[in-house]
Amino acid sequence: MLYNKLNNLLGWLCFAIAATTYILTLEPSVSFWDCGEFISCAFRLQISHQPGYPLFAMIGKAFSLLSLGDNTKVAYFTNMASALASAATVMFLFWTITALAKKMLVKRGEAVDSSTQTLIMGAGLVGALAFAYTDTFWFSAVETIVFAQAALCVSVVFWAILKWEARADEPGADRYLILIAYVMGLSIGIHLLNLLTIPALTLVYYFRRSNRISTKGTVVAVFTGVALLAFVQFGIIQYTVKIAAYFDLFFVNTLKFGFGSGSFAFLLLLVSALIGGIVYSVRKNKPPLNLILIGLSFMYLGYGSFAMIPIRAHAGTNLNNSHPDNAFKLQSYLNREQYIAPPLVYGPYFDSHAIEQKEGATIYRKGKTQYEVVGKKQSLVYDRNTILPRIFSSDGQDPQFYKQWLQLGEGQSPNFGDNLKFMFSWQIYQMYARYFLWNFVGRYNDQDGQTSTVELNGNWTSGWFDGGKHLPKFITESNTYTPLYAMPLMIGLFGMFYHFKRSKKDAMVIALLYFFTGIAIVLYVNQPSVQPRERDYSYVASFYTFAIWIGLGVIGLAKFMQQRVNGRYAALAATSLCLVAAPVLMAVQEWGAHNRSTKMTPHDMASNYLNSCAPNAILFTYGDNDTYSLWYAQEVENIRPDVRLVNLSLFGTDWYIRHMKKPMNQSAPLPITMDDDQYKDGVRDYLTFQDAKIPDSVELKEIFEFMTSDDRGTKLEYESGATANYLPTKNFKLTVDPAQVIKTGTLPASRSNQIAKTMEWKYPSGFVTKENLAMIDILVHNNWKRPVYFTNSVPNESSIGLSSYLYNEGFAYRLLPLKSDTAAAPQAEKTNTMVMYHNMMDKFKWGNMKKATYLDQQSTALFYPFIATTFMNLSQNLAAEGHPDMALKALHRYDQVMPDIYPYVDVAVRKFYLADTALHLQDFKLANKMMTSIDTYVKEQLDFNYHRLQTDADTVNIRDVQLSLSLLDEMSKLGSQNQQLAVNNRVKQHLAEYQQKFSTLMRQ
């Protein structure tokens, strides 16, 4: 009894320590990436991106109610849900480690002596708290993201299988298996990560139930676990909905019933079959069948959270991704068909050529009264293929990245050896092992490091040898420099070896769990190339698994110590040493890199995007971080609900275009005139350019009407007899009524002489996609009634070539019909300067960036340079337009609200132009301050690269050296022209010194 009480007490102590840590470092509002979408969907129970997270949304909704009507606190409380789930994960990990440790040290039925008890509890504390302070897990614990709750599900099911194993011979022990099935079903509504525990759980079952354990039996058990994983993933999750969809097809199209009738009939049939099976198993006394059917029933019960998806889709929520209101759409939604699945077992190389196109299954869409055929799924057949295709993508810059990473020559085709080299060197090492080493060895900083194994940014370090590397201070003095001296790794490896020595079967289970939650994900996801962000969060369960071995390392160390001291002292000494070497060290080193309690960057940047817009604006966005946090701002905090957000990545779908034709919050429907039939699935998905040799620019309205016409004369006819609309010219024009522009407030009457009567531009792409067509529809029929804006992330192709008519008003670029000669040549960027000044000086907030104890990678590497550039353009254009006082105020506002950091060398260039503007405005104090800072940074950068030049010339970042020397040269020239700069002599001295040091490099 004492053991159980102490075990429970210390488990809850781990929960309390972890919860306190996470709540103290909790982000107070929305975070970047998916968090804004998740909070918005939780707050209003809306439909997030595929494959959906309904249970996560419902849990988030419950926590959002703790805000008690203060919507600015909603994000804080949904973040707290992650904190508490993460703390519970740590608690269950403690109990998992103590269960494994007790099994290893104490025979079943024997009492636990005091020294063994101390050792078991010490192992649990060290392992659980070490995991609590790992970089990846801590990051997810303080924001609203699915991986915190997904990790909890993993920890619960693994704890439950160990509880079952310990009590398997007792009556009622199988209730733990039912609990596992239920949690497995529930976890589908959070994240599929938990399914990867099934092979390890199966192996535990085999070892416990088998009377004759053999190598063959173990292999069969593992493959049985894989088969069960596939059954749940494809059979339960996907085929249940797929069969329901075809039932619905029969009921609707053949029997002429209403939509959903067939799905409901199938659901009744499924429930009846399960109930009938359970009754049969009881009456016929078949316990194994009974256990299977009850487990399956509870799994379906947990999976039932997905009923929320079509229910809320029917409700027409503001965020309604894919609009899965019928079984076929729900099937597509669950299968993530919005995202193209990579080839896994067999597929092409990146330079393979398609030689054939094969048809697959029929695609259905929901019509007005029945399901309609869209077409067939298409797949390409290639001339060159390989097993385990890893370098398969021909999209965008992927081929260039492959060639660069593999050092392929121009025109050189890859072979299978290159394929394997990429898998091991990039996918496994760079995109998994590097993350593993971050967590248990240490890291230089939190910048993105996907593309290089030698650069400091995003790389791992133990810290042991950093003293001799001449690391720059902007690395070593940053709170994201977190060397762990490899202590957690060494304890974990020692624990792993000891585990295999003392309890080979249990160690095999842990190793299998580690493989499936780590390397197996790498192989399955098959990342083609550089990702939008680091993906360490995907592998958090493998870090959880390794933490078990960190805990067991305490036992191994104690047993080694027992050769010299008695058991109790060895247990206390090993626990104390490992507590300091792992969780205490990790907490101290990682705290500064995870304390988000003062960071408001995502919230305020979202607010700035929206407040850049005039009333009732249309704002086109493109990426995650200029969309999701803006959704949060509107949906939760009701910030600028009059602005209509249009995400161009989604605008190419029929459901999203339909959505934009409806009112939302305080925003009126978009002026889209196309009927639903003109852009539904399979209609005008992709219009090619076929030059009609039209000599002059063509009115945009005429082009739009031509592309949306059903007249046969406006279409291309193919050999197959099929016809399709096309784009006849790339020379666009839009006639402008100056009176309408002034009447709508687009431009003031004082600028009437600057208004262009005709906007002319060249369409940049060789095809028109559905989102391009919808945007053209808006431009044709808006007639300047609503302001049109684009965020800075929108590429020129997606803004259909309008860049010459886009003027910056802060964080967004407004479409303005101004004559091209109104933009003076010296201006760095076209700005609607006075509006931009008013926005940035009076409306914008700056995320507490100056004083925040921690800024994440998106704050420092994305928004900080963007903000510096924006202030640079504003101050330069104010000065050029004759407003020097306002320009100086803008510079001082930048200095007042922005920290003095350098995420990369290009930021120093932006700061140089800010200093240059300050100098021209006669503010020598501010100019000297900025120049001194730039010079200090550049010197550290060059010192570091010079050390590399002397020790390993191949690791020198030539671009950084060239840019740094160029900066010193420009600063020197500027100093020669302005003797008031106190930094002059220092800059000239540094320029001469480093030109000499890098002379051989620069001559190459």
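In this report, we go over the structure that sits alongside the text. (Residues numbered from 1 in each chain as written. Predicted model: local features only at pLDDT ≥ 70, side-chain atom pairs only at ≥ 80, totals over all residues. Heavy atoms only, no water.)

## Details of the overall build of the chain
Tallying secondary structure elements over the chain gives 36 helices and 18 strands in all. Relative to its length of 1004 residues, the chain is compact, with a C-alpha radius of gyration of 31 Å against a globular reference of 30 Å. Expressed as lengths along the three principal axes of its C-alpha atoms, the size of the chain is roughly 95 × 85 × 60 Å. Every one of the 1004 residues in the chain was classed for burial, and the buried ones make up 57%. Within the chain, contacts between residues at least 6 apart in sequence are counted, and of these 74% link residues at least 24 apart. As presented, the chain carries roughly 41800 Å² of accessible surface, and 57% of it is formed by carbon and sulfur atoms. (Helix = DSSP H or I, 4+ residues; strand = E, 2+ residues; numbered from the N terminus. Rg over C-alpha atoms; globule rule 2.2 N^0.38 Å. Buried < 20%, exposed > 50% of the residue type's maximum accessible area, 1.4 Å probe, protein only. Contact = heavy atoms within 4.5 Å. Areas by Shrake-Rupley, 256 points an atom, 1.4 Å probe, with all protein chains shown as cover.)

## What about the sheet that holds strand 7 (residues 618–621)?
Hydrogen bonds along the backbone pair up the strands of a sheet, which may run parallel or antiparallel. Spatially, 8-7-16-18-17 is the arrangement adopted by the 5 strands of the open sheet, whose pairing is mixed. Two strands in the sheet have a free side with no partner beyond their single neighbour: strand 8 (644–647) and strand 17 (806–808). Between one strand and the next, the sheet's axes are offset by a mean angle of 30°, whatever the strand orientation. Two elements, strand 7 and strand 16 (residues 788–791), share 3 bridges in a ladder whose sense is parallel. Across the sheet, Phe 620 pairs through a bridge with Phe 790, a residue of strand 16. Its contacts with the sheet place helix 28 (residues 770–782) against strand 7, strand 16 and strand 18 (812–815), and it is angled at close to 160° to strand 7. (Pairing = 2+ DSSP bridges. Axes fitted to C-alpha atoms, helices over the stretch in contact; angles between N-to-C directions.)

## Regarding the environment of Thr 118
Along the polypeptide, Thr 118 turns up in helix 5 (residues 114–132). Sequence separation of Thr 118 and Thr 575 is 457 residues, and the distance between their C-alpha atoms is 8.6 Å. Leaving out residues up to four positions away in the same chain, Thr 118 has contacts with Arg 568, Ala 571, Leu 572 and Thr 575. A polar atom in the side chain of Thr 118 sits 3.4 Å from the side chain of Arg 568. (Polar contact = N/O pair within 3.5 Å; in protein donor to acceptor, adjacent residues only side chain to side chain.)

## Concerning the sheet that holds strand 10 (residues 698–699)
Strands sit in the order 10-13-14 across an open sheet of 3 strands; the sheet is mixed. Each having just a single partner strand, strand 10 and strand 14 (758–762) make up the two edges of the open sheet. In the sheet, strand 10 pairs with strand 13 (residues 731–735) via 2 bridges, with the strands oriented parallel. Counted as the bridge partner of Val 698 is Phe 732 from strand 13.

## A short note on the nonpolar core
If you look at the biggest cluster of nonpolar residues, it comprises 164 residues, and the most contacted ones within it are Tyr 22, Phe 158, Ile 161, Tyr 303, Phe 436 and Ile 548. Counting residues per element, this core draws most heavily on helix 4 (residues 74–105), which supplies 16 residues. Those residues in contact with Tyr 303 that sit more than four places away from it in its chain are Gly 185, Leu 186, Ile 188, Ile 236, Ile 237, Val 241 and Leu 334. In terms of nonpolar packing, the next biggest core, distinct from the first, is built from 132 residues, Leu 650, Phe 811, Val 897 and Val 907 among them. (Core = buried A, V, L, I, M, F, W, Y, C linked by side-chain atoms within 4.5 Å.)

## What to know about the pairing of strand 3 (residues 371–382)
Bridge count for strand 2 (residues 354–366) against strand 3 is 10 bridges, and the pairing is antiparallel. Bridged to Lys 358 within strand 3 is Ser 379. Once strand 2 ends, the chain turns through 4 residues before running back antiparallel as strand 3.

## Side note on unusual backbone geometry
The linkage connecting Gln 50 with the following residue, Pro 51, adopts the cis geometry, with an omega of 5°. If you trace the backbone, Pro 51 turns up in the loop between helix 2 (35–44) and helix 3 (54–64). Of note in this structure, His 323 is not a glycine but carries a positive phi near 45°. By secondary structure assignment, the location of His 323 is in the loop between helix 13 (308–315) and helix 14 (327–334). Phi is positive for Ala 486, close to 60°, though the residue is something other than glycine. Position of Ala 486 relative to the elements: it lies in the loop between strand 6 (482–483) and helix 18 (487–502).

## Looking at empty space enclosed by the protein
Enumeration over the complete set of coordinates arrives at 3 cavities of 30 Å³ or more. Taken together, 17 residues make up the lining of the largest cavity; nearest its centre are Asn 318, Leu 319, Asn 320, Trp 631 and Tyr 656. Listing elements by their share of the lining of the largest cavity, those giving two or more residues are helix 24 (628–635), strand 8 and helix 25 (654–660). Examining the composition of the lining of the largest cavity, we find that 4 residues originate from one element, helix 25, more than from any other. When the residues that make up the lining of the largest cavity are grouped by side-chain class, the tally is 9 nonpolar, 6 polar and 2 charged. Lining of the second largest cavity is provided by Ala 42, Phe 56, Gly 60, Thr 78, Ala 81, Ser 82, Thr 144 and Gln 149. Residue assignment for the lining of the second largest cavity shows that the elements contributing at least two residues are helix 3 and helix 4. The greatest single-element share of the lining of the second largest cavity, amounting to 3 residues, is contributed by helix 4. Across the lining of the second largest cavity, the residue classes tally to 3 nonpolar, 5 polar and no charged. (1 Å grid on protein atoms, 1.4 Å probe; cavity = no way out; pocket = protein on both sides within 12 Å on 5 of 7 lines; lining within 4 Å. Points joined across faces, edges and corners; volume = space filled by probe spheres on them. Nonpolar A, V, L, I, M, F, W, Y, C, P; charged D, E, K, R; others polar.)

## Details of the pattern of salt bridges
Enumeration according to the criterion identifies 36 salt bridges in this entry. Linking Glu 27 and Arg 596 is a salt bridge whose minimum nitrogen-to-oxygen distance equals 2.7 Å. With Glu 27 in the loop between helix 1 (2–24) and helix 2 and Arg 596 in the loop between helix 22 (567–594) and helix 23 (601–611), this pair connects stretches of sequence that are 569 residues apart. With a relative accessible area of 1%, Arg 596 lands in the buried category. (Salt bridge = Lys/Arg side-chain N within 4 Å of Asp/Glu carboxyl O.)

## Here we look at a nonpolar patch on the surface
A contiguous nonpolar surface patch, about 540 Å² in accessible area, is contributed by Phe 264, Leu 267, Leu 268, Val 271, Ile 275 and Val 279. By the secondary structure assignment, Phe 264 is in helix 11 (residues 261–283). (Patch = residues over 30% accessible without salt bridge, like charges linked within 9 Å, V, L, I, M, F, W, Y side chains within 5 Å.)

## Looking at the packing of helix 7 (residues 146–167) against helix 9 (residues 198–209)
Axis separation between helix 7 and helix 9 bottoms out at 10 Å; the angle between their running directions is 5°. Judged by the angle between their axes, helix 7 and helix 9 are roughly parallel. For the pair helix 7 and helix 9, the contacting residues are Val 157, Phe 158, Ile 161, Trp 164 and Glu 165 in the first and Ala 200, Leu 201, Val 204, Tyr 205, Arg 208 and Arg 209 in the second. When the residues that make up the contact of helix 7 with helix 9 are grouped by side-chain class, the tally is 8 nonpolar, no polar and 3 charged. (Parallel < 35°, antiparallel > 145°, perpendicular 65-115°, else oblique.)

## Some points on the pairing of strand 7
In regular strands, side chains alternate between the two faces of the sheet. Residues Ile 618 and Phe 620 point to one face of strand 7 and Leu 619 and Thr 621 to the other, with burial holding for every one of them. Direction of pairing for strand 7 relative to strand 8: parallel, over a ladder of 4 bridges. Opposite Thr 621, over in strand 8, you have Asn 647 as the bridge partner. Handedness of the crossover joining strand 7 and strand 8 through helix 24 is recorded here as right-handed. (Right-handed = clockwise from strand over helix to strand, strands pointing away.)

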